[in-house]
Amino acid sequence: MYSAATSKKLQEQTQSFLENTASITADNIQALRDVLRFHEYRYYVIDDPLVSDAEYDQLYKQLEKLETGNPLLITTDSPTQRVGSSLNQNFPTVQHLVPMLSLDNSYNAEDLFDFDRKAREATNLDVIEYCIEPKFDGASISLIYENDILVRGATRGNGVEGEDITTNIKQIKSIPLSAPFSKYGVQQVEIRGEIIMTKKAFAKYNEGLAEQGLPPLANPRNAASGSLRQKDPKAVAKRNLDAFLYHISYYTTIDGFTFSSDGEQNDELPRSKFLATHGGSLDMLWECGFRSPKKEKMVVKGIEEVIKHVQDFEAMRDTLPYEIDGMVIKVNDFGLQDIMGMTTHHPRWAIAFKFKARQATTKLRAVEFQVGRTGAVTPVAKLEPVFLGGVTVGSISIHNEDYIKEKDLKIGDTVLIERAGDVIPQIVKSMPDIRTGKEKEIVYPRQCPVCKSELYKEETEAVWRCINIECPAQAVERIIHFVSKDAMDIKSFGEANVRKFYDLGLLKDVPGIYKLDFNAIGQLEGFGKKSIDNLSSAIEASKQQPLYRLVYALGIRFVGETTAKTLANAVENLMDLAKMSEEELQQLEDIGVKVAQSVYNFFSNQQNLAMLEELQQLGLQLKNVKKEKTGTDTLHGQTFLFTGTLAKLKRNEAEALAEQHGGKIVSGVSSKLNYLVVGEDAGSKLEKAKKINTIKIITEDEFLDIVK
Ligand code: AMP
Ligand code: ZN
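A brief report on the enclosed structure follows.

About the thresholds
Residues numbered from 1 in each chain as written. Chains lettered and ligands numbered in written order. Predicted model: local features only at pLDDT ≥ 70, side-chain atom pairs only at ≥ 80, totals over all residues. Heavy atoms only, no water. Helix = DSSP H or I, 4+ residues; strand = E, 2+ residues; numbered from the N terminus. Rg over C-alpha atoms; globule rule 2.2 N^0.38 Å. Buried < 20%, exposed > 50% of the residue type's maximum accessible area, 1.4 Å probe, protein only. Contact = heavy atoms within 4.5 Å. Areas by Shrake-Rupley, 256 points an atom, 1.4 Å probe, with all protein chains shown as cover. Lys, Arg positive; Asp, Glu negative; His and termini not counted. Charge placed at Lys NZ, Arg CZ, Asp CG, Glu CD. Phe/Tyr/Trp six-rings, centres within 6.5 Å; stacked < 30°, edge-to-face > 60°. Near = heavy atom within 4 Å. Polar contact = N/O pair within 3.5 Å; in protein donor to acceptor, adjacent residues only side chain to side chain. Nonpolar A, V, L, I, M, F, W, Y, C, P; charged D, E, K, R; others polar. Donors = N, O, S within 2.8 Å, 3.2 Å for Na, K, Ca; no water. Tetrahedral: all angles 85-135°; square planar, octahedral: opposite > 155°, others 65-115°. Pairing = 2+ DSSP bridges.

This part is about the overall build of the protein chain. The secondary structure content of the protein chain amounts to 24 helices and 23 strands. Over its C-alpha atoms the protein chain spans a radius of gyration of 29 Å, differing by no more than 12% from the 27 Å that the globule rule assigns to 708 residues. For the protein chain, the spread of C-alpha atoms along the three principal axes comes to 90 × 75 × 50 Å. Scored against the burial criterion, the 708 residues of the protein chain give a buried share of 48%. Here the analysis covers contacts within the protein chain between residues at least 6 apart in sequence; of these, 67% occur between residues at least 24 apart. Entry remark: accessible area of the protein chain is about 34,900 Å², with carbon and sulfur atoms responsible for 49%. One way to put it: in the protein chain the 87 positive side-chain charges average out to a point 2 Å from where the 100 negative ones average out.

What follows is the structure, encoded as structure tokens:
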């Protein structure tokens, strides 16, 4: 899309705008837009940003300001025009220019041989060239651009008609609001693709749901498809969706020709190299600024190569940053596609190769109720064990009463379960159609299954809770959470040991972890000197864990890892949180009323404060080491990397110094790096950094000057 020379020019323009914002006037509004579009592309399409978020925001605000002052200068494809205003959109039905069909499916080599044989028969060729690309697991969309401007985005609907979701589509930043199709002689074009959520965005989204006490979504596909029809475009923007565009279904040329992937092709249709083959069209979409599978695709001759490639790809499926459920194999040449044509259901020139399912059906045998560390009573479905995506699944959390109702679950049901990537398995749905009549309702207990005290439920919540502070189940769960990997990460402690020590009376609460009687433990079977040494040094080491881990480990309701980091970063000492009011807490990034209230309640509780006091006396680090007085925040947002041998500082001292001033250490040279500090005998990192002109290459002395 952008040549090296253009990129350089745009980057220089960026720097000059940033250095002198006064130079930005209505006269160069177009240059400013070009700059912003360029950085959107770097960030969202090719994932290789050249400016920090703050710098982007600064320029974006300038554009907003200019446009507010000069409304006549606003263009429909201005970066500011993504933001939707209507809060309650409706989605009118629209007709696709070419129906969106399904794909035929294949599951093994034999199916693919069969597909190839038919293709060769239909085209009278000995060998066919195929284009192979991932089958993205999301929600399909179709986009129309006219005279280079995005004019419509629609859902697939029934294939013939979909819903107009243009405003929501505009929230997806990897979809350009304008694209230079006219450069290729194209006037109107309909393209198709898939809206997806990356695994990372999905994990973050589910984490957010968990912090609100809501059950997670089962897979990124549901998260993506559920977003498209959101009434509030801002809610769509929040989900950080992505889009792959992989098909040109229709276009008209400026010269008056029409191409339709389901119609009789005109022999006179001028076909540039981009518009002669499917692979070429992916290159063209890429050149127009879309995230097409240009790099993921592979063009090969003959079906044997196809089979090898799809098998290789399946083996590395889990290493991709997004979910795919197979590969799509397409006859590469558009002329041959035309000869092969389509059925009413699918094109004959394409086939999906489905990967091994991550879904399975099984029986829901029973439901057990477990008490968590916050007293929440969670139903857990006990399943007939099934093997799924490499693990045996025997039980799955079914969250709460509302969830059970929504999924319509009964004991004895056949259920569809799914394990998407590394996500915890979830129940997708039950199958009421095949019930025998012997299924039983799931009955929620009204008493704690462990301590038998009565359960309570707040009106606004879906969860029943045991509110007995002495409830042993909660105590055990709190300790298990405290030592767990994402919390204090006390290796070799583990759930089983916590339960064992608790049952034997050797451990009764969190401070007890630091007062364990190792003599008594030594008497237990399976605890030799070595394992006791390991345990005791792991416990000792945990005292120095960074503050955010401790905040998370406390298990305050609604405080997940992200919130824990926000809280820890806001203070110099954990006890400072106890001094903050609900209002002050709400001022922190992404902390809402509910979280603020929960944190406030936690730190208003005398027992909790006494426990923290005790932890401090036992030697735990309650200070935010990074935030201590010695440091400043002068290097906030700046990234550093050290290479070669430093003369005055040890490598880790230098890194700590950068961090004390708010800098961040990164692991490799990329455009995200701000400073490379070079010592004696620097090697390949230096060479690489020299090629990226935004990286400042400095000596150790220059570094010391910066941090002084
Ligand atoms: P299916 O829903 O199993 O019939 O598969 C057809 C769907 O696969 C299409 O409607 C697209 O939404 C989706 N799909 C994902 N990736 C691709 C791709 N690379 N080419 C064509 N279709 C794709
Ligand atoms: Zn209880």
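Aromatic ring pairs are described here by two measures, namely the spacing of the ring centres and the angle between the planes. A full pass over the atoms with the stated rule returns 24 aromatic pairs. Measuring from centroid to centroid gives 4.9 Å for Tyr-251 and Phe-259, while their planes differ by 15 degrees, and the two rings are stacked. Relative accessible area serves as the criterion here: at 1%, Tyr-251 is assigned to the buried category. Under the relative-accessibility criterion, Phe-259 is labelled buried at 3%. Taken together, the ring pairs connect Phe-136, Phe-244, Tyr-246 and Tyr-322 into an aromatic cluster.

Close to ligand 1 lie 14 residues, the nearest being Ser-102, Glu-133, Ser-140, Glu-194 and Lys-330. The contact in question runs from an oxygen atom of ligand 1 to an N or O atom on the side chain of Lys-135, over 3.2 Å. With the chains in place, 82% of the 500 Å² that ligand 1 exposes on its own is no longer accessible. Only strand 3 (129-136) and strand 11 (324-331) provide two or more residues apiece to the shell around ligand 1. Looking at the shell around ligand 1 element by element, the count peaks at 4 residues for strand 3. Taken together, the residues of the shell around ligand 1 break down into 6 nonpolar, 2 polar and 6 charged.

Six octahedral donors around a metal ideally subtend angles of 90 or 180 degrees, whereas four tetrahedral donors ideally subtend 109.5 degrees. All of the protein donors around the zinc ion (ligand 2) are Cys-448 (SG), Cys-451 (SG), Cys-466 (SG) and Cys-471 (SG); their distances to the metal are 2.3 to 2.4 Å. Considering all 4 donor atoms around the zinc ion (ligand 2), the spread of angles at the metal, 98 to 117 degrees, places the coordination shape in the tetrahedral class. Donor residues for the zinc ion (ligand 2), ordered by position in the chain, follow C-x2-C-x14-C-x4-C. Note that Cys-448 is positioned in the loop between strand 17 (426-430) and strand 18 (455-457) and Cys-466 in strand 19 (residues 464-466), a separation of 18 residues in sequence. According to the relative accessible area criterion, Cys-466 is buried, its value standing at 1%.

A few words now on the environment of Leu-73. Tracing the chain through its elements places Leu-73 in the loop between helix 3 (53-69) and strand 1 (93-95). Here Leu-73 falls in the partly exposed class, since its relative accessible area comes to 33%. For the pair Leu-73 and Gln-30, spaced 43 residues apart in sequence, the C-alpha to C-alpha distance is 9.3 Å. In this view, Leu-73 contacts Ala-26, Ile-29 and Arg-33; residues no more than four positions away in its chain are not counted.

Attention shifts here to the pairing of strand 15 (residues 391-397). Walk down a regular strand and you will see the side chains alternate between the two sheet faces. Taken together, the 6 bridges between strand 14 (residues 377-388) and strand 15 define a ladder with antiparallel strand orientation. Across the sheet, Val-380 pairs through a bridge with Ser-397, a residue of strand 15. Adjacent in sequence and paired antiparallel, strand 14 and strand 15 are bridged by 2 residues, among which Gly-389 carries a positive phi angle near 55 degrees.

Phi is positive for Asp-148, which is not a glycine, with a value near 75 degrees. Considering the arrangement of structural elements, one finds Asp-148 in the loop between strand 4 (139-146) and strand 5 (149-155). Judged by relative accessible area, which is 17%, Asp-148 ranks as buried. With a phi close to 50 degrees, Asp-408 is a non-glycine residue in the positive phi region.

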